Amino acid sequence: QELTEAERERLREITEERDENAG
Amino acid sequence: MGEGREPAAWHCRLRGPDGVPAPSAEGMGKGRRAEARAGALFEALEHYLTGPALFDPAAVEPVEPARIAAGPLRADASAVLLDGRCAAPLACHRYQGPGGAVPVPLFLSAPWYVEADAARLRERAGDAHDYTGLMRYSCNSGSAVGVTATEALLHALNETIERDALSLLLVRAFLGTGERPSVVDPRTLPPELARAHAVAGQVTGAPVHLLDITSDLMVPTMLAYVAPTPDRPHRRGAGTSLSPAHAAWRALTELVQTTVGERIQRRGDAERLARYPELLACGRFDLTEHLRAARTVPFPEDGARPGRPRDQLREVAARLGARGYTPLTRTVAVLPGRITAVHVVVPGLERFMLVVEGNLVLPGPRGRAAARGPADLPRA
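Conventions adopted
Residues numbered from 1 in each chain as written. Chains lettered and ligands numbered in written order. Predicted model: local features only at pLDDT ≥ 70, side-chain atom pairs only at ≥ 80, totals over all residues. Heavy atoms only, no water. Helix = DSSP H or I, 4+ residues; strand = E, 2+ residues; numbered from the N terminus. Rg over C-alpha atoms; globule rule 2.2 N^0.38 Å. Buried < 20%, exposed > 50% of the residue type's maximum accessible area, 1.4 Å probe, protein only. Areas by Shrake-Rupley, 256 points an atom, 1.4 Å probe, with all protein chains shown as cover. Lys, Arg positive; Asp, Glu negative; His and termini not counted. Charge placed at Lys NZ, Arg CZ, Asp CG, Glu CD. Contact = heavy atoms within 4.5 Å. Buried area = accessible area lost by both parts, 1.4 Å probe. Salt bridge = Lys/Arg side-chain N within 4 Å of Asp/Glu carboxyl O. Polar contact = N/O pair within 3.5 Å; in protein donor to acceptor, adjacent residues only side chain to side chain. Nonpolar A, V, L, I, M, F, W, Y, C, P; charged D, E, K, R; others polar. Core = buried A, V, L, I, M, F, W, Y, C linked by side-chain atoms within 4.5 Å. Phe/Tyr/Trp six-rings, centres within 6.5 Å; stacked < 30°, edge-to-face > 60°. Lys NZ or Arg CZ within 6 Å of the ring centre and 35° of its normal. Pairing = 2+ DSSP bridges. Expected span 1.5 Å × (residues − 1). 1 Å grid on protein atoms, 1.4 Å probe; cavity = no way out; pocket = protein on both sides within 12 Å on 5 of 7 lines; lining within 4 Å. Points joined across faces, edges and corners; volume = space filled by probe spheres on them. Axes fitted to C-alpha atoms, helices over the stretch in contact; angles between N-to-C directions. Parallel < 35°, antiparallel > 145°, perpendicular 65-115°, else oblique. Left-handed = near helix turned anticlockwise from the far one by under 90°. pLDDT = per-residue confidence, 0-100.

Enquirer: Help me out: how do you make sense of the overall build of chain B in this one?
Expert: Along its length, chain B carries 11 helices and 13 strands. For 380 residues, the compact-globule formula gives about 21 Å, and the C-alpha radius of gyration of chain B, at 20 Å, lands near that figure. Seen through its principal axes, chain B has C-alpha atoms that stretch 55 × 50 × 45 Å. Here chain B holds 380 residues, and 55% of them are scored as buried. Element-wise, carbon and sulfur atoms account for 51% of the exposed surface of chain B, whose accessible area totals about 17,000 Å². The centroid of the 45 positive side-chain charges in chain B is displaced by 1 Å from the centroid of its 41 negative side-chain charges.

Enquirer: Quick question: what am I supposed to make of the environment of Ala 238 of chain B here?
Expert: All names here are of chain B. Mapping Ala 238 onto the fold places it in strand β10 (residues 235-240). Its relative accessible area of 4% is what places Ala 238 among the buried residues. For the pair Ala 238 and Leu 210, spaced 28 residues apart in the sequence, the C-alpha separation amounts to 9.4 Å. When residues no more than four places from it in sequence are discounted, the contact partners of Ala 238 are Glu 162, Met 222, Leu 223, Arg 250, Ala 251 and Glu 254.

Enquirer: Sorry, what's going on with the interface of chain A and chain B here?
Expert: Much of the literature gives interface size as the accessible area that the parts lose upon coming together. Residue-level contacts link 15 residues of chain A with 23 residues of chain B. The junction of chain A with chain B conceals about 1,900 Å² of combined surface from both sides, 55% of it contributed by carbon and sulfur atoms. Looking only at chain A, the three residues that lose the most surface to chain B are Gln 1, Arg 10 and Arg 18 of chain A, adding up to 34% of its buried area. At the junction of chain A and chain B, the tally comes to 5 salt bridges. With a closest N to O distance of 3.0 Å, Glu 13 of chain A and Arg 368 of chain B form a salt bridge. Here chain A and chain B share 9 residue pairs in polar contact (both at pLDDT 80 or more) between them. The class makeup of the residues in the side of chain A that touches chain B is 5 nonpolar, 4 polar and 6 charged.

Enquirer: Can you walk me through the nonpolar core in this structure?
Expert: In summary, soluble globular proteins display a tendency toward joint burial of nonpolar side chains. Ranked by internal contacts, the top residues of the largest apolar core, which has 71 residues, are Tyr 113, Leu 170, Leu 211, Leu 223, Phe 285, Leu 287 and Phe 352 of chain B. Secondary structure elements with two or more residues in this core: α1 (5-22) of chain A together with β4 (90-97), β5 (100-105), α3 (111-114), α5 (149-174), β9 (221-226), α8 (277-284) and α11 (365-372) of chain B. If we ignore the near neighbours within four places in the chain, the residues touching Leu 211 of chain B are Leu 169, Pro 181, Ser 182, Val 183, Thr 221, Met 222, Leu 223, Tyr 225, Leu 287 and Leu 291 of chain B.

Enquirer: Help me understand the packing of aromatic side chains in this model?
Expert: Two numbers describe a pair of aromatic rings. These are the distance of the centres and the angle of the planes. Residue and element names in this part refer to chain B. Going through the model one piece at a time under the given rule, you end up with 6 aromatic pairs over all chains. With a centroid separation of 6.0 Å and an interplanar angle of 75 degrees, the aromatic rings of Tyr 113 and Tyr 131 are classed as edge-to-face. With a gap of 18 residues between them, Tyr 113 in helix α3 and Tyr 131 in the loop between α4 (119-124) and β6 (143-146) connect regions that are remote in the sequence. Through successive ring pairs, a cluster of aromatic residues spans Phe 55, Phe 107, Trp 112, Tyr 113 and Tyr 131. Lying across the ring of Trp 10, Arg 37 places its NZ or CZ 4.8 Å from the centre.

Enquirer: Explain the pairing of strand β1 (residues 8-15) of chain B here, please?
Expert: A regular strand places its side chains on the two faces of the sheet in alternate fashion. Residues and elements named next belong to chain B. Where β1 lies against strand β2 (residues 21-31), 7 bridges are found, and the strand directions are antiparallel. Bridged to Ala 8 within β2 is Gly 31. Counting the residues between successive antiparallel strands, the hairpin from β1 to β2 contains 5 residues, one of them, Gly 19, with a positive phi of roughly 85 degrees.

Enquirer: Looking at this structure, how should I read helix α7 (residues 244-260) of chain B?
Expert: Taking 1.5 Å as the rise per residue, α7 of chain B with 17 residues should run 24 Å; its terminal C-alpha atoms sit 24 Å apart, in good agreement. Of all 17 residues in α7 of chain B, 13 are buried, a share of seventy percent or more.

Enquirer: What should I look at first to understand empty space enclosed by the protein in this one?
Expert: If a probe as big as a water molecule is rolled over the atoms, it shows which places are left empty. All names here are of chain B. Enumeration over the complete set of coordinates arrives at 4 cavities of 30 Å³ or more. The calculated volume of the largest cavity comes to roughly 120 Å³. Ranked by the residues each element gives to the lining of the largest cavity, the list is headed by strand β13 (residues 340-345), at 3 residues. Split into classes, the residues belonging to the lining of the largest cavity amount to 7 nonpolar, 5 polar and 2 charged. Here the second largest cavity is characterised by a volume of approximately 70 Å³. Around the second largest cavity sit Asp 76, Ala 77, Tyr 137, Leu 349, Glu 350, Arg 351, Phe 352, Leu 354, Val 361 and Leu 362, which together line it. Within the lining of the second largest cavity, the residues separate by chemical class into 7 nonpolar, no polar and 3 charged.

Enquirer: Got a minute to help me understand the packing of helix α6 (residues 191-204) of chain B against α7 of chain B in this structure?
Expert: Angle between the axes and distance between the axes are the two parameters that describe a pair of packed helices. Residues and elements named next belong to chain B. Packing of α6 against α7 brings their axes to within 9 Å, and their N-to-C directions diverge by 20 degrees. Viewed along their axes, α6 and α7 adopt a mutual orientation that is roughly parallel. Here α6 and α7 pass one another in a crossing that is left-handed. Packed against α6, whose contacting residues are Glu 192, Leu 193, Ala 196, His 197, Val 199, Ala 200, Val 203 and Thr 204, the element α7 presents Ala 245, Ala 248, Trp 249, Leu 252, Leu 255, Val 256, Thr 259 and Val 260 at the interface. Tallied by class, the residues present in the contact of α6 with α7 amount to 12 nonpolar, 3 polar and 1 charged.

Enquirer: What exactly am I supposed to notice about the confidence of the model for chain B here?
Expert: Where the model shows low pLDDT, its predicted coordinates should not be examined in detail. Considering every residue of chain B, the mean pLDDT works out to 91; 96% of them sit at 70 or more. Taken element by element, chain B is modelled with least confidence in β1 of chain B, mean pLDDT 86, and with most confidence in β9 of chain B, mean pLDDT 98.

Shown next as structure tokens:
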């Protein structure tokens, strides 16, 4: 299974938001 | 199954007049003996009636991806894949919403339709869409059978709310900044639930945590959870009902059912998500650390008795409506005697729980909002 480019971008946004909130 | 103790688990397989097992016609049931037997029969019936055997290609209509992505399903996590990569129309059924008919793609509710060996079925429906990505988001959640349409719709809505609550727990715990789950103090359980909790512990051979995972939708939802070990994945059962006691009963009995059913039910493998560590953590669903910081809460008291299915359905729909969510419904089949199979979609509610079975999926807008923090989720 592989994420599409659009999904990879969305996952990146989710993890960046989490890291910002954690910081 | 389950060596005759209660709560029990039963398995049912339906055969045709020729003695041959009917396609997809298998189910499991849980609870007291009679309840579990009836549940297994009804689930087998549900899988048959909503499965490939009764598929009518003439009942679907082709709808362009852009039209679906612009409609109520734009809030579904799978909409990210309706971005024009494949312009071929998707086979859709018409669902009923308050504003009239809404086309809903068959792939959302029918994994059998997107299997690699189902190309001929799709051909018969004139469906040339590429489901390579969308099949990851396909799940039969929201299907139900009842002795009346009202009862079936109530079961389907409760299941949809249950799956959404489980999805939000996963998102908050593993894609957010952390989750302090609410764990019910087992000493506060009413006698029948205390017995079910004890049996679940015996059957699983491990500590059973009963989590109150009720979401902003305010329909009581419980999760009976056993943490994974190096030798086996987590175990779980979930339930949703206007009655917290019934929600807990369904969760605990489902945990018993799934544990004794492990030898006949195939599970997806979350380890297949290893290329995406954040999603692998979701798939493993290991709450061990979260449980150390959990809040211990008393078992919530039942308020007024939930009442007849018609009244419950009205109340559950009202609670969804209060948060801006509107069910879309389809009657799949009606048998002589009024037994009815339905499918329900509530656009915007999450189905991210697919990740625990090894499906590579992302949360949609609601899940992303939940990941941002403990504040109330916005209305739809």
